[in-house]
Amino acid sequence: MKNLKLVKLLIAMTIAALVVTGCSSNSTGSKEGEPVTVEFWYGLGGKLGEEVEKRISEFNEMQDDVKVVGVAQGNYDETVQKLQAGIAAKKVPGAVLLENDPMNTFAQRGLMAELDSLIKEDKDFNKEDFVEAFYGQGTIDDKQYALPLYGTTQVLYYRNDMLEEAGLTTEDLKTWESLAAAAEKMTKKEGSDVSVYGWMPMWGPGNLIDAALSNGAQYLSEDGTEVMIDSPEWVESWEFIRKAIHEDKVMGIHHGGQGWEYWYKTIDDVIQGRAAGYTGSSGDQGDLDFSIVSAFPQPGWEKHPAAPHASAQMAGIPALASEEQQKAAFKWLTFFTSSEKTAEWSVATGYIPVRKSAQEVPAYKEFASDNPQINVPLQQAQQATPPFVDPTGGKILDALNIAADRVEIEGMPAAEALKMAKEEAQKELDKTLN
């Protein structure tokens, strides 16, 4: 998340709003015989946004008790900020889609409703069928605050023609060292002017953190008292990518813009032949042309196997929503996470299904047989690292966000950027522990 530090500050600033009596909601209660209307806020655009609205329409048409109104936000960060403002104004949606870390932050501060009683009342709810690693991301102190809507991890997407023209195969994508060498072969430039980049990492700390984890890096010491984000494993991997972007110029990067603008510019560069490949979300598959590109798991390093993050995007219900709103919203979320719907979502988007049984849905099995790229995120998730639970409430991740911009955009040496990040993060960890 690019605005995580601001988001955390805003969350903290509105805790006081909860002491004021009374609550309100953007969603509305129902008159007798009318459905309960609830808003669902989500930060997805393009094909992903269309797929959300498709499922909302299906849900609304199949039953008469609940009417869901989708409210699209610019991206995940904007959703957090809008929710924060809504909590302060006591105008909250019935349900909201957030990334794992801000969802946990809201829940830890009492801003999200506990779902356990709703789960207990639903006789068809099968907790054991959820992928454990995803379901557990909504669990705090043995209480469930959110359900995973879809799993995600970042994988490689490469142009088949450019790989072949350079005399390369997927064997050349299995380590970061060989990927950089492949990127150099596929880069086209005259002097310092680059017309085709050999590779494009995605802006933000995500790709950099994945590379560090695959290099054996740790966030914290074994006893949890020292921040380790300036260790050699972090510095080596981040400096490797910084050098490829700013010195060797075999990797390019888009940054800034509105919402997901930088993301779609990266995809467009690959599809339009201005880059040979990029590292992006499993959820990009719905926007890609697989007659042009193929998917491949993220690489490890020559001395260490791949271990990137895999996480789930979580849906929760704000605590300020009324009991009627919460029950209605929960009905919508269980529809979205059903075996059939999570399988359909995976086929349409490339995101990882959150239920084990989804892989047995006939439509999913048939699609996977004809489109093997959908199995790449699943394959990667088998060896992935679970999301980092930041004991400082996000301050360590804030520091990494800032450091990533310094490395990727400003070209600051990784050792310097990560040292600054370590110092700031350690102060926050010390406050938490003392």
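Residues numbered from 1 in each chain as written. Predicted model: local features only at pLDDT ≥ 70, side-chain atom pairs only at ≥ 80, totals over all residues. Heavy atoms only, no water.

Asker: Even after reading the chapter, I still don't get the packing of helix H16 (residues 395-408) against helix H17 (residues 414-433), so can you show me in this structure?
Answerer: Two quantities define a packed helix pair, namely the angle between the helix axes and the distance between the axes. The interhelical angle for the contact between H16 and H17, taken along N-to-C directions, is 165°, at an axis separation of 9 Å. Classified by the interaxial angle, the pair formed by H16 and H17 is roughly antiparallel. Helix-helix and strand crossings are classified by hand; for H16 and H17 the assignment is right-handed. Within the contact between the two elements, H16 uses Lys395, Ile396, Ala399, Leu400, Ala403, Arg406 and Val407 and H17 uses Ala414, Ala417, Leu418, Met420, Ala421, Ala425 and Glu428. (Axes fitted to C-alpha atoms, helices over the stretch in contact; angles between N-to-C directions. Helix = DSSP H or I, 4+ residues; strand = E, 2+ residues; numbered from the N terminus. Parallel < 35°, antiparallel > 145°, perpendicular 65-115°, else oblique. Left-handed = near helix turned anticlockwise from the far one by under 90°. Contact = heavy atoms within 4.5 Å.)

Asker: What should I look at first to understand the side chain of Asp390 in this one?
Answerer: When you line up the elements, Asp390 lands in the loop between helix H15 (375-381) and H16. Of the polar contacts made by the side chain of Asp390, one reaches the backbone nitrogen of Lys395; its length is 3.3 Å. A polar contact is formed between the side chain of Asp390 and the backbone nitrogen of Ile396, at a distance of 3.0 Å. Contacts of Asp390, omitting those with residues within four sequence positions, involve Asp101, Lys395, Ile396 and Leu397. (Polar contact = N/O pair within 3.5 Å; in protein donor to acceptor, adjacent residues only side chain to side chain.)

Asker: Looking at this structure, I do not really get the pairing of strand E6 (residues 146-159). What am I missing?
Answerer: For a regular strand, side-chain orientation follows a simple rule: the groups alternate between the two sheet faces. With respect to burial, E6 is a largely interior element, 14 of its 14 residues being buried. Pairing of E6 with strand E11 (residues 310-316) involves 7 bridges; the strand directions are antiparallel. Following the sheet pairing, Thr153 is matched in E11 by Ala310. In terms of strand pairing, E6 meets strand E9 (residues 277-281) through 5 bridges, oriented antiparallel. (Buried < 20%, exposed > 50% of the residue type's maximum accessible area, 1.4 Å probe, protein only. Pairing = 2+ DSSP bridges.)

Asker: When you look at unusual backbone geometry in this model, what are you seeing that I'm missing?
Answerer: For residues besides glycine, phi is generally negative; the peptide bonds are generally trans as well. Even without glycine at this site, Asp142 takes up a positive phi of about 65°. With respect to the element layout, Asp142 can be found in the loop between strand E4 (139-140) and strand E5 (143-144). If you check the backbone angles, Lys249 has positive phi at about 55° while not being a glycine. Within the secondary structure, Lys249 is located in the loop between helix H10 (232-246) and helix H11 (261-271). On the accessibility criterion, Lys249 (30% relative accessible area) is partly exposed.

Asker: Can you help me understand the packing of aromatic side chains in this one?
Answerer: Each pair of aromatic rings is reported with the distance of its centres and the angle of its planes. A complete count under the given rule lists 26 aromatic pairs for this structure. Grouping aromatic residues by their ring pairs yields a cluster made of Phe40, Tyr42, Phe59, Tyr150, Trp332, Phe335, Phe336, Trp345 and Tyr351. When the ring centre of Phe130 is taken as reference, the NZ or CZ atom of Arg355 above it lies at 4.0 Å. (Phe/Tyr/Trp six-rings, centres within 6.5 Å; stacked < 30°, edge-to-face > 60°. Lys NZ or Arg CZ within 6 Å of the ring centre and 35° of its normal.)

Asker: How should the confidence of the model for the protein chain be read in this particular structure?
Answerer: The predicted coordinates ought not to be read in detail in places where the model reports low pLDDT. Averaged over the protein chain, the pLDDT score is 92; the fraction of residues at 70 or greater is 93%. Throughout residues 1-7 the model reports pLDDT below 50, and contacts reaching past four residues in sequence, or to other chains, amount to 25 contacts. Scored below 50 in pLDDT, residues 14-22 makes 15 contacts in the model with residues more than four places away or belonging to other chains. (pLDDT = per-residue confidence, 0-100.)

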